[in-house]
Amino acid sequence: MKKFFALVCVFSLLTAFTCENEPLDDSLDASSNNDTGGGDNTGGGNTGGNAADLVGTWILDEFSAEASSDVDFGGQLISSDVEVYSTTVDYTVVFTDSDFTTNGSYSYVADVTANGMNFGSDEYTLDNVNGSGGYTVDGNEISTDGAFFEFTFEGMDDSLLDGPQTANFSFSNNGQTLTFSQNQTTTETDEFTGATVTSTTVSSSVWTKQ
């Protein structure tokens, strides 16, 4: 039963970093730790996005995600919470005018709780991660046709991460710090198990310009 709960909870982990699901709330406000509101780019406050300012090489500082989910698995309801945060990172993303590539490695911890039962915190390390895709920008919202990250959990792959993603982005520290953030509710039905997951996620990643 512990294995069953842990594997079901992976849906929460994966949906925290993908937006190909049907949105229930299309608000993509930043998390409370990452203000994307006003501010002056000549000072320390965050400012809205500017597509031209994305171009260049960005070094990952950290990433994190929190997801609270309700899973309907054949009539059995499971409530779960997943917390993911990076521990060590050596990872970059390079933006051109219309495309991006990623390269490097990172470690992260996944802490899973389901129906009040905590399954502990497991650390995972991914080496030689490479990705690429195209992107478009609308205001301070970025939409990509690929993922910035890869994830693994109990030997499962990250196929749920394939496909379009959308997030807010903002700049701070005179344009030298870039923050991506997502705060939304989504629903996902797994084609193999039939499980339906409604998940509220708050995730962010912080990058420094090279």
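Coordinates for the structure precede this section.
Everything in this summary refers to the structure shown in the same document. It should be emphasised that the depicted structure is a prediction, and the values quoted were computed from it without experimental measurement.

1. Structural notes on the packing of aromatic side chains
Within this structure, the stated rule accounts for 20 aromatic pairs. Ring plane angle 85 degrees and centroid distance 5.5 Å describe the contact between F63 and Y106, whose orientation is recorded as edge-to-face. Here F63, found in strand 2 (residues 56-73), pairs with Y106, found in strand 4 (residues 99-114); they are 43 residues apart in sequence, far enough to count as distant. Exposure remark for F63: the relative accessible area of 2% places this residue in the buried category. Judged by centre distance (6.4 Å) and plane angle (45 degrees), the rings of Y106 and Y108 are tilted.

2. What about the nonpolar core?
Within the largest apolar cluster, 34 residues are counted, with the highest numbers of intra-cluster contacts made by L54, F95, F149, L178, F180 and W207. Where this core is concerned, the elements lending two or more residues are strand 2, strand 3 (76-95), strand 4, strand 5 (117-138), strand 7 (165-172), strand 8 (177-189) and strand 9 (196-209). Those residues in contact with L54 that lie beyond four places of it in its chain are F95, Y135, V137, I142, F169, F171, L178 and F180.

3. Focus on unusual backbone geometry
Here N173, not a glycine, exhibits a phi torsion of approximately 55 degrees, which is positive. Examined against the element boundaries, N173 turns out to sit in the loop between strand 7 and strand 8. Of the residues examined, N173 reaches a relative accessible area of 44% and is grouped as partly exposed. Positive phi, close to 55 degrees, is recorded for N174, a residue that is not glycine. As for its position among the elements, N174 is in the loop between strand 7 and strand 8. For N174, a relative accessible area of 46% corresponds to the partly exposed category.

Conventions and cut-offs
Residues numbered from 1 in each chain as written. Predicted model: local features only at pLDDT ≥ 70, side-chain atom pairs only at ≥ 80, totals over all residues. Heavy atoms only, no water. Phe/Tyr/Trp six-rings, centres within 6.5 Å; stacked < 30°, edge-to-face > 60°. Helix = DSSP H or I, 4+ residues; strand = E, 2+ residues; numbered from the N terminus. Buried < 20%, exposed > 50% of the residue type's maximum accessible area, 1.4 Å probe, protein only. Core = buried A, V, L, I, M, F, W, Y, C linked by side-chain atoms within 4.5 Å. Contact = heavy atoms within 4.5 Å.

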